[in-house]
Amino acid sequence: MTCLLCVIQLLAVHPVAAQTVRLCAVGDIMLAGEIERLMTKKGLLYPFARMQPVLKGADVTFGNLECCLSTQGKPIPKQFNFRADPSEAVVLKQAGFTIVSCANNHAWDYGRDALLETVQDVERTGVVVVGAGANRAAAHRLRVITKNGLKIGFLAYLGLIPALVAESETEPCLSMASVESIRREVASAHDRVDVLIVSLHAGQEGAPSATPRQRLFAQTAIDAGADMVIGHHPHVVQPMEMYHGKPIFYSLGNFVFSVSGRGSGAMIDATLTRHSVHAKMIRLVLTDNAQPHLPESKHSRQPTRKGFRSQSPLSVREGGLRNSRRRLQPHVSEEF
Ligand SMILES: [Zn+2]
């Protein structure tokens, strides 16, 4: 199995000994349907069993929860509606997740009450939710995880249109992406944390590379002060991009999503300090028993250029916010 590895290192102009945080991030997690039946038969943790040591081994572990966990609501009009039992929320904590995004196109599959129940079910287990909440302000709220003396901030956006459940000032909703909201919220969050990460659920399913809209949102986040963008939704791994010295991982693909092992998936293994982001992306093996895992043999972990073509920067705007406040002098190294 192919393993992809890319190392991005951003060094401070005046590096100092600093606290470090190990961050792990994975893509889409869907606990309904065939995955739910598998967990009922083999145990809740079964899909996560082979990755649990890795997920728990990180200081902060992020994933995209691509379903609702609720007994409420009715399916909204769309092709696929994913809903799992609320009792399964605890598996995210047990598997090792610290924070999950619900800003995606399935957390709203059973309407507003089911969405809010999902957020509450997950947070009750001790896992933080970003990108959804009781109203628009809650959905767009910066979530901060303090670990090893570092404040790691997360914002999350759904970058697909149209919104099937509209944002509301008074009712449960998701955080929808717009250039204006990303620019404003990222800029506001930047000075409140040591490292700012933006989760972006966007792009085209199955597409080998990012769409212009996906790139616009991601690059807007970096321009406004984000230190890294973690993307998902296409169900396949897409090439990453260094943009103004900051990594954009356009799509980590699937993590626990189907029992067919379809699509592809990758994991980010990053070390964060106040002055640096050092991240590598490792291709995961997706199996037909829904147990993603790291490649096993040393040979299979040899990285390849395939899938890591650096995309040429997109000129997003005139006079956009430049990421100059956190003065990093980027040094990019790629190991192939
Ligand atoms: Zn999606």
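Residues numbered from 1 in each chain as written. Predicted model: local features only at pLDDT ≥ 70, side-chain atom pairs only at ≥ 80, totals over all residues.

Undergrad: Tell me about the overall build of the protein, and name the residues and values.
TA: For the protein, the helix and strand inventory stands at seven helices and 19 strands. Taking the contacts inside the protein whose residues are at least 6 apart along the sequence as the reference set, 76% of them involve residues at least 24 apart. (Helix = DSSP H or I, 4+ residues; strand = E, 2+ residues; numbered from the N terminus. Contact = placed C-beta atoms within 7 Å.)

Undergrad: Account for the sheet that holds strand β9 (residues 143-147), naming residues and giving values.
TA: Strand order in the open sheet formed by six strands is β9-β10-β12-β13-β15-β14, and the pairing between neighbours is mixed. Two strands bound the open sheet, and with one partner strand each, they are β9 and β14 (237-243). Between one strand axis and the next, the sheet turns through 20° on average, direction left out of account. The sheet contact formed by β9 and strand β10 (residues 150-158) spans five bridges and is antiparallel. (Pairing = 2+ DSSP bridges. Axes fitted to C-alpha atoms, helices over the stretch in contact; angles between N-to-C directions.)

Undergrad: An account of the confidence of the model for the protein is requested, with residue identities and associated values reported.
TA: Residue-level pLDDT values for the protein average 86, and 83% of them are 70 or greater. Residue range residues 1-17 is modelled with pLDDT below 50. Its contacts to residues more than four positions away, or to other chains, number 61 contacts. Below a pLDDT of 50 lies the segment residues 299-336, which in the model reaches 71 contacts outside its immediate sequence neighbourhood of four places, other chains included. (pLDDT = per-residue confidence, 0-100.)

Undergrad: Could you give an account of unusual backbone geometry, with specific residues and numbers?
TA: Apart from glycine, the bulk of residues carry a negative phi angle, and the bulk of peptide bonds sit in the trans form. Look at the link from I161 to P162: it is a cis peptide, with omega at -5°. Positionally, P162 belongs in the loop between β10 and β11 (173-174). If you check the backbone angles, H233 has positive phi at about 125° while not being a glycine. Structurally, the position occupied by H233 is in the loop between β13 (228-232) and β14. Classification of H233 as buried rests on a count of 28 C-beta atoms within 10 Å. Even without a glycine there, the phi angle at H235 is positive, about 70°. Tracing the chain through its elements places H235 in the loop between β13 and β14. For H235, a count of 22 C-beta atoms within 10 Å puts it in the buried group. (Buried ≥ 20, exposed ≤ 12 C-beta atoms within 10 Å, placed from the backbone.)

Undergrad: Kindly report on the packing of helix α6 (residues 179-190) against helix α7 (residues 212-224), identifying the contributing residues and their values.
TA: Running from amino to carboxyl end, α6 crosses α7 at an angle of 25°, the nearest separation of the two axes being 8 Å. As summarised for this structure, α6 and α7 are arranged roughly parallel, according to the angle between their axes. Remark: the crossing between α6 and α7 carries right-handed chirality. Counted together, V179, I182, R183, V186 and A187 of α6 and L216, F217, T220, A221 and A224 of α7 form the full contact between these two elements. Taken together, the residues that form the contact of α6 with α7 break down as eight nonpolar, one polar and one charged. (Parallel < 35°, antiparallel > 145°, perpendicular 65-115°, else oblique. Left-handed = near helix turned anticlockwise from the far one by under 90°. Nonpolar A, V, L, I, M, F, W, Y, C, P; charged D, E, K, R; others polar.)

Undergrad: Which residues make up the pairing of strand β12 (residues 195-201), and what values go with them?
TA: Burial within β12 is extensive, with seven of its seven residues counted as buried. Because side chains alternate across β12, one face comprises the buried residues V195, I197, S199 and H201, and the other comprises L196, V198 and L200, equally buried. In terms of strand pairing, β10 meets β12 through seven bridges, oriented parallel. When the sheet's bridge partners are listed, G153 is paired in β12 with L196. In terms of strand pairing, β12 meets β13 through five bridges, oriented parallel. Bridge pairing links L200 to G231 in β13. For the handedness criterion, the β-α-β arrangement of β12, α7 and β13 is classed as right-handed. (Right-handed = clockwise from strand over helix to strand, strands pointing away.)

Undergrad: Lay out the environment of M51 in plain terms, naming residues and giving numbers.
TA: Looking at the element boundaries, M51 is found in the loop between α1 (33-42) and α2 (52-57). The spacing of M51 and H293 is 242 residues in sequence and 5.7 Å in space, taken between C-alpha atoms. Setting aside residues up to four positions removed in sequence, M51 forms contacts with P292 and H293.

Undergrad: Describe the environment of Q94, with residues and values.
TA: Inspection of the secondary structure assignment puts Q94 in helix α3 (residues 90-95). A count of 15 C-beta atoms within 10 Å places Q94 in the partly exposed class. Residues Q94 and F48, spaced 46 residues apart in sequence, show a C-alpha to C-alpha distance of 9.1 Å.

Undergrad: Describe the nonpolar core, naming the residues involved and giving the relevant values.
TA: Within the largest apolar cluster, 98 residues are counted, with the highest numbers of intra-cluster contacts made by Y157, L174, A221, A226, V229 and I268. In contact with I268, other than residues within four places in its own chain, are C24, A25, I230, F249, L252, A279 and M281. (Core = buried A, V, L, I, M, F, W, Y, C linked by C-beta atoms within 7 Å.)

Undergrad: Can you explain helix α4 (residues 111-124)? Please cite residues and give values.
TA: Helix length check: α4 (14 residues) gives 20 Å between terminal C-alpha atoms against 20 Å at 1.5 Å per residue, within 8%. The complete set of buried residues in α4 reads A114, L115, L116, E117, T118, V119, D121 and V122. Positive phi appears at G126, one or two residues downstream of α4, with a value of about 100°. (Expected span 1.5 Å × (residues − 1).)

Undergrad: Run through the environment of T71, naming residues and quoting values.
TA: Take T71: it is sitting in the loop between β4 (68-69) and β5 (83-84). C-alpha of T71 to C-alpha of E117: the two residues are 46 residues apart in sequence and 8.6 Å apart in space.

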